[in-house]
Amino acid sequence: MSLLRNQIALVFIVLFCCTLNASQLTSSSREFNCSKKYLNLPVSYDAPMNVLDLTVDGKRMRQMQMRLSNQTEPDYWVYLELKEFHGKIVKLTVEDLNEGVDKGFAAIFQGNTFPGQDKLYKEKLRPQFHYTTKRGWVNDTNGLVYYDGEYHMFYQHNPYGWPWGNMTWGHAVSKDLVFWEELGDAIHPDQYGTIFSGGAVVDHKNVSGFQAGKEKPILCFYTYAGGANPWSKGEKFTQAVAYSNDRGRTFTKYEDNPIIGHIRGASRDPKVIWHEPTKKWVMVLYVEENEMDFFTSDDLKEWTKTSRLKSFHECPELFELPVDGNKQNMKWITYGASGEYYIGSFDGEAFKPETEEIKFNYGNAFYASQTFSDIPEEDGRRIMMGWGTVPLPGMPFNQLITFPVELSLRSTDKGVRMFAEPVREIEKLHKKKHRFTFDNGVTGTKILKGVQGDLLHIKAEFSMDEIINENEAVDEEEDEDDIKERHALMSFGLVINGFKISYHLQNNELVCLGPDHRFDFDDYSDAFRRSLQNELPRFSIPHKAELEPENGKIFIEILVDRTFVEVFANHGNYYFPMGAYLVGQPSEIKVFSKARKTKVNQLEVYELKSMWE
């Protein structure tokens, strides 16, 4: 048994004894006089699912579906924040208390810290510059919005467990898109459903009438997932809004929710924008069967449907970008959760595609991205963040958020395409810079010396000028078949902590390949082990894109974290967000060439500091 598990077991025993005296204990309910920051709850991966209700004066305030520990030592602890209940008596009730779970139920305790807090952001698989929540599951980015010096990032959050569930809007803020502060959950499930994805805007003119005080209201539009929890049994999917008058620190649900009733099935994920030409608010909403509905509003509360578009699956986006930076040539983009997009026109009521579906994501771990609303005009960037779909086994948290990227539209040989590059604020994480030169080009494999750490930002430019022509013989005895066989093997690239990026000359193809993964599953249940073993192989499968050289050159930019690598090819023409388990891999960078000689015009490596420092 590890030292950490011994420590948790000791804490569990001490707290079990203390809490018997600290609260009233029955077989299925307990009461707490809220005076601390957290209500700490023990969780085990293989425990049966329980439903816990928290009530105040008989009114249900929270419902949690969680695997309450049935062991003498939990796998990890989660918490429920008690700030809004301070000075009140809360009653915690569990339905159908399973045999053995009474021990875990009795171990629940109040505290100003939570077990494991001393290890926070230092855990083995914790990404160091990709956002993760302190505890629980994360998926879609929600409500990305800028207000008065702060970027707000909301996200789908299960506060009470490692897997998906209990969908709540988590919340973090940043002043620079790099260093994030987790504020705690903003919008909680209730009798109408759990809180699915959506968007946010700032109501600068208070057309909603929600403003109370000097701050402009931040409005969050979300889906009530009716029937997704026992509390909302019998309810359907509807759309709702909540607002904040204190810079996003607290939110109030609109008393007349829903603002859009049930349409069909699981219609969800409202994204709201301001459309300047028509002076209207516009909502785009996924309505199942790969269709999106468009609505308009004057007051952000009453909405009128204007059109329907056959397009993509869930999490819709809608925004405008200039082509090649020319603001006289603006185009609209709409996309769905997987990142495929249309370029077209939008008149405030209907979107008209002018292209076929275009692929954006070439990686293995990207979904449900969103762009920020209300970026100041003097900045003018269109900034995206999304869900990095990477399981993090054995951690008290799971999944991550991709690093912010700036989007642009640029002309290519294949037509206008959307490019993605890491935001310039990445430089705030730069520590030591290394610059490598190869006067005689690269043949074979060379290890880059002197680079320290596993967090890296790399920029590399390779020139095709020095690479032999496919019909050129290396020696006089080579025949045509020999030349073709040799050419088929010609490639160059980088290997970074076991993650390989290679460019293949025969078919002008860029290939990204993560290392084989190895995890010790001995401490996990059979069901947990099986679920991971079915999912993890996708991280060791090569992902490819046809990439033509630009003026005879291939440019690759790379962000390397412990469990996530983002590759940007030819200045963002192709984007590879890749889950990769690099912890425990050899910490070294190699540049290689399987061609006769590859010229390296640029190779810069920046060691990065952690966003948690």
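Here, every reference points to the structure presented above.
Residues numbered from 1 in each chain as written. Predicted model: local features only at pLDDT ≥ 70, side-chain atom pairs only at ≥ 80, totals over all residues. Heavy atoms only, no water.

## As for the overall build of the protein
Across its full length, the protein holds 4 helices and 41 strands. Buried positions account for 59% of the 613 residues belonging to the protein. For the protein, contacts bridging at least 24 residues in sequence account for 64% of all contacts bridging at least 6. (Helix = DSSP H or I, 4+ residues; strand = E, 2+ residues; numbered from the N terminus. Buried < 20%, exposed > 50% of the residue type's maximum accessible area, 1.4 Å probe, protein only. Contact = heavy atoms within 4.5 Å.)

## Quick look at the sheet that holds strand β17 (residues 268-275)
Taken in spatial order, the 4 strands line up as β17-β18-β19-β20 in an open sheet, and their pairing is antiparallel. The open sheet has two edge strands with one neighbour each: β17 and β20 (304-310). Between one strand and the next, the sheet's axes are offset by a mean angle of 25°, whatever the strand orientation. Taken together, the 6 bridges between strand β19 (residues 291-297) and β20 define a ladder with antiparallel strand orientation. (Pairing = 2+ DSSP bridges. Axes fitted to C-alpha atoms, helices over the stretch in contact; angles between N-to-C directions.)

## Side note on the pairing of strand β9 (residues 136-147)
For β9, a buried count of 12 out of 12 residues is recorded, marking the element as mostly surrounded by other parts of the structure. The sheet contact formed by β9 and strand β27 (residues 397-398) spans 2 bridges and is parallel. Across the sheet, Trp 137 pairs through a bridge with Asn 398, a residue of β27. In this sheet, strand β10 (residues 150-158) lies alongside β9 in antiparallel orientation, the contact comprising 7 bridges. Counterpart to Asn 142 in the pairing with β10 is Phe 154. The loop that links β9 with its antiparallel partner β10 comprises 2 residues; one of these, Asp 148, has a positive phi angle of about 50°.

## As for the packing of aromatic side chains
Summed over all chains, the structure comprises 38 aromatic pairs. For the ring pair Tyr 131 and Trp 612, a centre distance of 6.2 Å and an interplane angle of 50° mean the geometry is tilted. Taken together, the residues span a long stretch of sequence, with Tyr 131 in the loop between β8 (109-111) and β9 and Trp 612 in the segment after β41 (589-608) at a distance of 481 residues. Taken as a pair, Tyr 131 and Trp 612 share a single burial class, namely buried. (Phe/Tyr/Trp six-rings, centres within 6.5 Å; stacked < 30°, edge-to-face > 60°.)

## Regarding the sheet that holds strand β11 (residues 168-174)
Reading across the sheet, the 5 strands line up as β12-β11-β10-β9-β27 and stay open at both edges, with mixed pairing between neighbours. The open sheet has two free edges, formed respectively by β12 (180-182) and β27, since each of these has just one partner strand. With 7 bridges joining them, β10 and β11 adopt antiparallel strand pairing. Bridge pairing in β11 places Gln 156 opposite Trp 169.

## Section: a negative patch on the surface
A contiguous patch of negative charge, built from Asp 413, Glu 546, Glu 548 and Glu 550, is present on the exposed surface. Tracing the backbone shows Glu 550 in the loop between β37 (543-546) and β38 (553-560). (Patch = residues over 30% accessible without salt bridge, like charges linked within 9 Å, V, L, I, M, F, W, Y side chains within 5 Å. Areas by Shrake-Rupley, 256 points an atom, 1.4 Å probe, with all protein chains shown as cover. Salt bridge = Lys/Arg side-chain N within 4 Å of Asp/Glu carboxyl O. Lys, Arg positive; Asp, Glu negative; His and termini not counted. Charge placed at Lys NZ, Arg CZ, Asp CG, Glu CD.)

## Considerations on the environment of Glu 550
Exposure remark for Glu 550: the relative accessible area of 32% places this residue in the partly exposed category. The spacing of Glu 550 and Asn 570 is 20 residues in sequence and 7.3 Å in space, taken between C-alpha atoms. Once you skip the residues sitting within four places of it in the chain, Glu 550 turns out to touch Asn 570 and His 571.

## Remarks on empty space enclosed by the protein
With the rule as written, the count across this model stands at 3 cavities of 30 Å³ or more. Approximately 80 Å³ is the volume attributed to the largest cavity. Contributing to the lining of the largest cavity are 14 residues, with Gly 198, Asp 269, Cys 315, Pro 316 and Gln 370 lying nearest its centre. Broken down by secondary-structure element, the contributors of at least two residues to the lining of the largest cavity are β9, β13 (194-202), β17 and β25 (367-371). Looking at side-chain class alone, the lining of the largest cavity contains 4 nonpolar, 7 polar and 3 charged residues. Reported here for the second largest cavity is a volume of approximately 50 Å³. (1 Å grid on protein atoms, 1.4 Å probe; cavity = no way out; pocket = protein on both sides within 12 Å on 5 of 7 lines; lining within 4 Å. Points joined across faces, edges and corners; volume = space filled by probe spheres on them. Nonpolar A, V, L, I, M, F, W, Y, C, P; charged D, E, K, R; others polar.)

## A look at the side chain of Ser 232
For Ser 232, the position within the fold is in the loop between β14 (218-225) and β15 (237-244). Sequence-distant contacts of Ser 232, defined by excluding residues within four places in its chain, comprise Asp 190, Gln 191, Tyr 192, Gly 193, Ala 225, Gly 226 and Gly 227.

## Section: the environment of Pro 270
Within the secondary structure, Pro 270 sits in strand β17. Taking the C-alpha atoms as reference, Pro 270 lies 7.3 Å from Ser 197; in sequence the two are 73 residues apart. Setting aside residues no more than four positions away along its own chain, Pro 270 makes contact with Ser 197, Gly 198, Gly 199, Phe 221, Tyr 222, Thr 223, Gln 239, Met 283, Val 284 and Leu 285.

## Concerning the side chain of Asn 257
In this fold, Asn 257 is placed in the loop between β16 (252-253) and β17. Of note is the side chain of Asn 257, whose polar atom sits 3.0 Å from the backbone oxygen of Val 241. Of the polar contacts made by the side chain of Asn 257, one reaches the backbone oxygen of Tyr 254; its length is 3.1 Å. The contacts of Asn 257, once residues within four sequence positions are left out, are Tyr 222, Tyr 224, Ala 240 and Val 241. (Polar contact = N/O pair within 3.5 Å; in protein donor to acceptor, adjacent residues only side chain to side chain.)

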